[in-house]
Amino acid sequence: MFVESDVKLGFNDVLIRPKRSNLKSRSEVDLLRTFVFMHSKREWTGVPVVASNMDTTGTFEVAEALARHRLLTAIHKHYSIKQWDDFLNSHPDILPFIMVSTGTSDADFKLLSEILERHEQLQFICIDVANGYSESFVEHVYKVREKFTDKTIVAGNVVTGEMVEELLLSGADVVKVGIGPGSVCTTRVKAGVGYPQLSAVIECADAAHGLGGRIMSDGGCTCPGDVAKAFGGGADFVMLGGMFAGHDESGGQILERNGRQFKVFYGMSSRTAMEKHSGGVAAYRASEGKTVEVPYRGPIDDTVRDILGGVRSACTYVGAAALRELTKRTTFIRVQEQENRIFD
Ligand code: 5GP
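Residues numbered from 1 in each chain as written. Predicted model: local features only at pLDDT ≥ 70, side-chain atom pairs only at ≥ 80, totals over all residues. Heavy atoms only, no water.

Draft legend 1. Focus on the site of the ligand. Taken together, 20 residues form the shell around the ligand, and within it Ser183, Asp218, Gly242, Ser269 and Glu288 come nearest. Asp218 has a polar side-chain atom sitting 2.5 Å from an oxygen atom of the ligand. At 2.9 Å, a backbone N or O of Gly220 approaches an oxygen atom of the ligand. Isolated, the ligand exposes 520 Å² of accessible area, and the fraction of that covered by the protein chains is 90%. Of the residues that constitute the shell around the ligand, the class distribution is five nonpolar, 13 polar and two charged. (Near = heavy atom within 4 Å. Polar contact = N/O pair within 3.5 Å; in protein donor to acceptor, adjacent residues only side chain to side chain. Areas by Shrake-Rupley, 256 points an atom, 1.4 Å probe, with all protein chains shown as cover. Nonpolar A, V, L, I, M, F, W, Y, C, P; charged D, E, K, R; others polar.)

Draft legend 2. Geometry of the nonpolar core. Trp84 and Phe244 are the most contacted members of the largest nonpolar core, which totals 94 residues. The residues contacting Trp84, other than those within four sequence positions of it, are Phe60, Ile75, Tyr79, Ile98, Met99, Val100, Ile115, His119 and Leu122. The next biggest cluster of nonpolar side chains, apart from the first, holds five residues, and it includes Met54, Ala245, Phe265 and Val294. (Core = buried A, V, L, I, M, F, W, Y, C linked by side-chain atoms within 4.5 Å. Buried < 20%, exposed > 50% of the residue type's maximum accessible area, 1.4 Å probe, protein only. Contact = heavy atoms within 4.5 Å.)

Draft legend 3. Local environment of a negative patch on the surface. Taken together, Glu135, Glu139, Glu162, Glu165, Glu166 and Asp206 make up a surface patch of like negative charges. Mapped onto the negative patch, the elements with two or more residues apiece are α4 (135–147) and α5 (161–169). Broken down by element, the residue count for the negative patch peaks at three residues, all from α5. Structurally, the position occupied by Glu135 is in helix α4. (Patch = residues over 30% accessible without salt bridge, like charges linked within 9 Å, V, L, I, M, F, W, Y side chains within 5 Å. Salt bridge = Lys/Arg side-chain N within 4 Å of Asp/Glu carboxyl O. Lys, Arg positive; Asp, Glu negative; His and termini not counted. Charge placed at Lys NZ, Arg CZ, Asp CG, Glu CD. Helix = DSSP H or I, 4+ residues; strand = E, 2+ residues; numbered from the N terminus.)

Draft legend 4. Highlighting the pattern of salt bridges. This model, assessed by the stated rule, comprises 18 salt bridges. Notably, a salt bridge pairs Arg214 with Asp236, separated by 3.0 Å at the nearest N-O pair. Of the two residues, Arg214 is situated in strand β10 (residues 214–218) and Asp236 in the loop between α8 (224–232) and β11 (237–240); the sequence distance between them amounts to 22 residues. A relative accessible area of 21% places Arg214 in the partly exposed class. Classification of Asp236 as buried rests on a relative accessible area of 2%. Between Glu339 and Arg341 there is a salt bridge, with its nearest N and O atoms 2.9 Å apart.

Draft legend 5. Expanded view of the sheet that holds strand β12 (residues 254–257). Taken in spatial order, the three strands line up as β12-β13-β14 in an open sheet, and their pairing is antiparallel. One side of each edge strand has no neighbouring strand; the edge strands of this open sheet are β12 and β14 (291–295). Geometrically, the sheet is characterised by an average inter-axis angle of 45° between neighbouring strands, direction not taken into account. Direction of pairing for β12 relative to strand β13 (residues 260–266): antiparallel, over a ladder of four bridges. Looking at β13, one finds that Ile254 is bridged to Lys263. (Pairing = 2+ DSSP bridges. Axes fitted to C-alpha atoms, helices over the stretch in contact; angles between N-to-C directions.)

Draft legend 6. Up close: the UniProt feature "binding site: K(+)" (unreviewed entry) in the protein chain. Sites flagged by UniProt as "binding site: K(+)" (unreviewed entry) map to Gly180 and Gly182. Tracing the chain through its elements places Gly180 in the loop between β9 (174–177) and α6 (187–190). Residue classification places Gly180 among the buried positions, given a relative accessible area of 13%. If we skip the residues at most four places from it in the chain, Gly180 touches Cys185, Thr187 and Arg188. Residue position: Gly182 is located in the loop between β9 and α6. When residues no more than four places from it in sequence are discounted, the contact partners of Gly182 are Gly219 and Gly220. (UniProt positions renumbered as here; feature names shortened; annotations may be inferred.)

Draft legend 7. Summary view of helix α2 (residues 81–90). The complete set of buried residues in α2 reads Ile81, Trp84, Asp85, Phe87 and Leu88. Packing partners of the buried residues in α2 comprise α1 (60–67), β5 (72–75), β6 (98–102) and α3 (106–118).

Draft legend 8. Representation of helix α10 (residues 300–318) in the model. For α10, which comprises 19 residues, the first-to-last C-alpha distance of 28 Å matches the rise-based estimate of 27 Å (1.5 Å per residue) to within 8%. Positive phi appears at Gly319, one or two residues downstream of α10, with a value of about 80°. (Expected span 1.5 Å × (residues − 1).)

Draft legend 9. Region of the structure containing the pairing of strand β8 (residues 152–158). For β8, the buried fraction is high: seven of the seven residues fall into the buried class. The sheet contact formed by strand β7 (residues 124–128) and β8 spans five bridges and is parallel. If you follow Cys126 over to β8, its bridge partner there is Val154. Chirality of the crossover, the property in question, places the unit of β7, α4 and β8 among those that are right-handed. Direction of pairing for β8 relative to β9: parallel, over a ladder of four bridges. By the bridge assignment, Val158 is partnered in β9 with Val177. Between the parallel pair β8 and β9, the chain is carried across by α5, and the sense of this crossover is right-handed. (Right-handed = clockwise from strand over helix to strand, strands pointing away.)

In structure tokens form, the structure reads like this:
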């Protein structure tokens, strides 16, 4: 039995070391990035933070709010064609900030094809499975690439460099990285499988950038500082679920308990999601997600500003005038403490 004994790090194991800087204010920091993707050859400019394709965060309402800040939303795969038509026809300017999520079934492929045929200007496809290591997933990425030669394909999730390379070579432009770090994910408990997210990002970014590909860190960010650490570690995009949950624009009803308001948030492999979308949990599988109640947080705009403010601040502390420079200017220090919690 071989046990890898290199230390692997999560966001909580590090802080970003401050560096001399000639930036006067965080307002000078440019968070826009421009990418030209390796297969699609398409150019995209925006702030590379993405709302997760969960049915509570990848909603049209979230997309509308995030697009105003030039952030992306991976729209969940449970909207009908009619809902897509209605939304996109009334919000044509949002198209560059939308990803169409899909799975690997024939029905998923059919719906994806129909959406893209009806709305040709959509650029991004997000092919999402819990385990991106299977041969059939790689074949599916290849099939989507063959049909949609000029779309930008995001595919995942994986956590190791060799699989990032395989997915890029099979047609993905961006590989989604993260197994087990999510706020409502229980894979590490149910399956004992996972990889500390910051190390996954650092290693996968290295593999992807060597080939001209990109990565999206998916899961595990709990605060704006974690988003800054993901970018600092080499993520080109950062996907957020829990941090975008609980808002007016997020899916789900507001509940009231003892005078406080909450919104239900759940993993897409949770019992709640499986009952909603697939008629229950199949006998051969365990649910690998939980259902929680998140305190209601009002409009998502304030949260977006808070996240972008945090990332701008990180850039200012290390002298990065643009988000593009953050990785180059980041040195992580390993720590045994994060914030002071005396007044929690
Ligand atoms: P968060 O930002 O909330 O920490 O993580 C969001 C990510 O968690 C999602 O984008 C997705 O990759 C992952 N995720 C969502 N639902 C589930 C689930 O039910 N089980 C697992 N294992 N991961 C999930």
